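Here are the chains, one letter per residue:
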Amino acid sequence: MTETTPGKTPDIKSTQLEEQPTAVLRETVPMNQLRDFFGRAYHQVMGAAEQQHVQLAGPPFAMYRGMPTDVVDVEAGFPVAAPFPGGTGGGVTAGTLPAGRAFEAMHIGPYEALPETYGAIMGKMQAEGVTPGNTMWEYYLSDPAVEPDPANWKTLIIWPVA
């Protein structure tokens, strides 16, 4: 994993991803309502996983499809230890984090500063002559209820190559 500090370019690494099954809630959400969507999605996915006896296998994440604008096509949930069977109602479905080459960077700081880290990843991709994929995701490694200072929040950004 890599880290960034204010005023410093984050350490960006190329990595090879393995496919990871997930349980998610997917919606098109206005950017200013993402926080509410995440709270609802993580609660619903945790409940559905418990109901289906599926073990969570990692931190909460959000996958974005396409470049976010005023609205974003987003799925939020958790990696799971085995494919999610679905059938729980509430919109929770099986998903997948895809395999393939990607760039990753650890963002440390408030969510509002995430675009800076994405910009650094884009710059690294351009420097290496690769095309960014149309999906990217973030693992939220800090719980704001446990760590109230946004300056200490850790978010691992994964951006696959097309």
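Notes on the structure follow. Every residue gets a number counted from 1 within its own chain, in the order that chain's sequence is written. Only residues with pLDDT of 70 or above have their local features reported here, since the model is predicted, and side-chain atom pairs are shown and tallied only from 80 upward, although totals for entire chains, interfaces and linings are computed over all residues. Only heavy atoms go into the side-chain values, all of them from the structure, while hydrogens and water stay out.

Observations regarding the nonpolar core
Each nonpolar core is a collection of buried residues, namely Ala, Val, Leu, Ile, Met, Phe, Trp, Tyr and Cys, held together in the definition by side-chain atoms within 4.5 Å. For each residue, the accessible area found with a 1.4 Å probe, counting protein chains only, is set against the maximum for its type, and the residue is called buried under 20%, exposed over 50%, and partly exposed in between. Core analysis: the biggest nonpolar cluster contains 34 residues, and Leu34, Phe37, Phe38, Tyr64, Val74 and Ile121 have the highest contact counts within it. Ranked by residues supplied to this core, first place goes to helix α1 (residues 34-52) with eight residues. With residues up to four places along the chain from it excluded, the contact list for valine 74 reads Leu25, Arg26, Glu27, Val29, Leu34, Phe37, Phe38, Ala62, Met63 and Tyr64. Listed in part, the 12 residues of the second largest apolar core include Leu17, Phe61, Met106 and Ile158. Strands are runs of DSSP state E lasting at least two residues, helices are runs of H or I lasting at least four, and both sets are numbered from the N terminus onward. We call two residues in contact whenever any of their non-hydrogen atoms come within 4.5 Å of each other.

Overview of the pattern of salt bridges
A carboxyl oxygen of Asp or Glu within 4 Å of a side-chain nitrogen of Lys or Arg is what we treat as a salt bridge. Under the defined criterion, the tally for this structure stands at five salt bridges. Measuring nitrogen to oxygen at the nearest pair gives 2.6 Å for the salt bridge that ties aspartate 73 to arginine 26. Placement of aspartate 73 in strand β4 (residues 71-79) and of arginine 26 in strand β2 (residues 20-30) is noted, with a sequence separation of 47 residues between them. Arginine 26 sits in the partly exposed class, given a relative accessible area of 43%. As a salt-bridge pair, lysine 124 and glutamate 128 come within 3.7 Å of each other at their nearest N and O atoms. Among the residues examined, lysine 124 registers a relative accessible area of 31% and is labelled partly exposed. Each of Arg101, Lys124 and Glu128 takes part in salt bridges that share partners, so that together they form one network.

What to know about the packing of aromatic side chains
In this description, a pair of aromatic rings is defined by centroid distance and the angle of the planes. The pairing test for Phe, Tyr and Trp rings, Trp by its six-membered ring, is centres within 6.5 Å, and the orientation test on the planes gives stacked under 30 degrees, edge-to-face over 60, and tilted for anything in between. Taken as a whole, this structure holds eight aromatic pairs when the rule is applied. The interplanar angle of 20° and the centroid separation of 5.7 Å between the aromatic rings of phenylalanine 38 and tyrosine 42 together place this pair among those described as stacked. A residue pair is termed a helical-turn pair when its members lie 3 or 4 positions apart in one helix, as phenylalanine 38 and tyrosine 42 do in helix α1 at four residues. Comparing phenylalanine 38 with tyrosine 42, the two get one shared label, buried. With a centroid separation of 4.7 Å and 35° between ring planes, the pair formed by tyrosine 111 and tryptophan 153 is classed as tilted. Residue tyrosine 111 is located in the loop between β6 (100-108) and α2 (114-127), and its partner tryptophan 153 is located in the loop between β7 (135-140) and β8 (154-160); the two are separated by 42 residues in the primary sequence. When its relative accessible area of 8% is taken as the criterion, tryptophan 153 is described as buried.

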